[in-house]
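Observations on the three-dimensional arrangement
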2 protein chains.
Amino acid sequence: MENDNEPLTPIEAEVINVFVRGVQLVGLPKSIGEIYGYLFISPEPVSMDKIKSKLNISVGSASQGLRQLKSFRAIKATYVAGERKDYYVAETEFRKLIYGFFNEEIKPQVDELEQRLIHIKPMVDQYGDLSEHYKSRLDKVERWRKLSSSLIGKVITFVNI
Amino acid sequence: MENDNEPLTPIEAEVINVFVRGVQLVGLPKSIGEIYGYLFISPEPVSMDKIKSKLNISVGSASQGLRQLKSFRAIKATYVAGERKDYYVAETEFRKLIYGFFNEEIKPQVDELEQRLIHIKPMVDQYGDLSEHYKSRLDKVERWRKLSSSLIGKVITFVNI
DNA sequence: TTATGTTTTCAATAAATTCTGAAACCATTG
DNA sequence: CAATGGTTTCAGAATTTATTGAAAACATAA
């Protein structure tokens, strides 16, 4: 019989649910939380085939989820002797998890904002009476951008478990 | 002629786009960013009717967006003499914005996780050889939860513009 | 009281996102 | 070389989320 659905144990289900809720909080899909959660609670490295079976998701969903988690460095591939399949383990240092997520999802946006502000700022000169107000507001956004950028570094330093 | 669509100026459109991108980064819908962005760049308090006209969104979307922004304390209602309509202004202190968002979206989830971990932890005893591994992992999640909780306070203290 | 202005609500619709699973691709085995 | 195991890709389907706009609700004016 083919290796189809394998049930999760109660504690596996509960821990996976914790991570499903957690990733949804930062705007990531449920399947990302499922995959990470299962790897997190697993005592040994896990193959994609096993992920598919235990979580009852498609191979496509498993593949794309693994790819995205790898891009966050939230999981890593690990070598298992005598196996052709790839095996994965969860990253379990909080600091690294946060760094990966920020680096991949937040930092590019904050950096791009810097460029866009350079482009927007000269526009205030076209607005006569409103120029002072607009300049003030854009200065505020610039300060928030700089603050966000340095905040990321602070957060990562603080999270030093 | 009815008060239908009023065009945005170039700088209004650019600033609104900045906030649309910003809110999408934290998993909120585009219309929230549009409304906040428009209030942010506006030199004076704005009515819902005006928001609807300038942003070309429905009255329902405007109403629900205003309600959600109010719940984050990202905007506040303000009195305009001689007007029956409600008028709104943007909160422009970064610290207050972050506090509102965390308080409304993040803190409740972190608090709930505390309760769920209390429920999950006793389950490890059922798993024989795996108990130590599971206990270790749940302890790690508990430490991450506590760290997240105190991190929120740190972030808000740091953001003291 | 009715009329009018304004906001809220929510079922239906539209749009966006996620997932599926088969085809394509790639690497290893025979 | 072909066969097989394993992963990636992606068009279409399914699901979820956001928006619409009319009805309902509410407050004020007449």
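Each value, and the rule that gives it
Residues numbered from 1 in each chain as written. Chains lettered and ligands numbered in written order. Predicted model: local features only at pLDDT ≥ 70, side-chain atom pairs only at ≥ 80, totals over all residues. Heavy atoms only, no water. Domains from an automatic or database assignment. Buried area = accessible area lost by both parts, 1.4 Å probe. Salt bridge = Lys/Arg side-chain N within 4 Å of Asp/Glu carboxyl O. Polar contact = N/O pair within 3.5 Å; in protein donor to acceptor, adjacent residues only side chain to side chain. Buried < 20%, exposed > 50% of the residue type's maximum accessible area, 1.4 Å probe, protein only. Helix = DSSP H or I, 4+ residues; strand = E, 2+ residues; numbered from the N terminus. Phe/Tyr/Trp six-rings, centres within 6.5 Å; stacked < 30°, edge-to-face > 60°. Pairing = 2+ DSSP bridges. Contact = heavy atoms within 4.5 Å. Axes fitted to C-alpha atoms, helices over the stretch in contact; angles between N-to-C directions.

Observations concerning the domain arrangement of chain A
Accessible area lost when the parts come together is the quantity often used to give the size of an interface. Residues and elements named next belong to chain A. Splitting chain A by domain gives domain 1 (10–90) and domain 2 (94–158). Here the C-alpha centroids of domain 1 and domain 2 sit 33 Å apart. Here domain 1 meets domain 2 over a buried area of about 540 Å², counting both sides, of which 69% is carbon and sulfur. Its largest share of buried area at the contact with domain 2, domain 1 owes to V26, S71 and F72, together 62% of the area lost on that side. Run the count over domain 1 and domain 2 and you get 0 salt bridges. There are 0 residue pairs in polar contact (both at pLDDT 80 or more) connecting domain 1 and domain 2.

Focus: unusual backbone geometry
Residues and elements named next belong to chain B. Here N56, not a glycine, exhibits a phi torsion of approximately 55°, which is positive. Judged by its relative accessible area of 57%, N56 falls in the exposed class. In the Ramachandran plot, R73 falls in the positive-phi region, its phi being about 55° despite a non-glycine side chain. With respect to the secondary-structure elements, R73 resides in the loop between α4 (59–71) and β2 (75–78). For R73, a relative accessible area of 62% translates into the label exposed.

A word on the packing of aromatic side chains
Within this structure, the stated rule accounts for 18 aromatic pairs over all chains. Aromatic side chains F40 of chain A and W144 of chain B sit 5.5 Å apart centroid to centroid with 55° between the ring planes, which places their arrangement in the tilted category. Pair noted here: F40 of chain A is in helix α2 (residues 30–41) and W144 of chain B is in helix α6 (residues 131–158), and the two residues belong to different chains. Residue F40 of chain A shares its accessibility class with W144 of chain B, and that shared class is buried. Put simply, the rings of F19, Y36, F40 and F94 of chain A together with W144 of chain B pair up and form one aromatic cluster.

Examining the sheet that holds strand β2 (residues 75–78) of chain A
Residue and element names in this part refer to chain A. Taken together, 3 strands build an open sheet; the order of strands is β1-β3-β2 and the sheet is antiparallel. The open sheet has two edge strands, β1 (46–47) and β2, and neither has a second partner. Where β2 and strand β3 (residues 87–90) come together, 4 bridges link them in antiparallel fashion. Note that in β3 the partner of A77 across the bridge is Y88. Contacts from α2 reach β1, β2 and β3, with the element oriented near 85° to β3.

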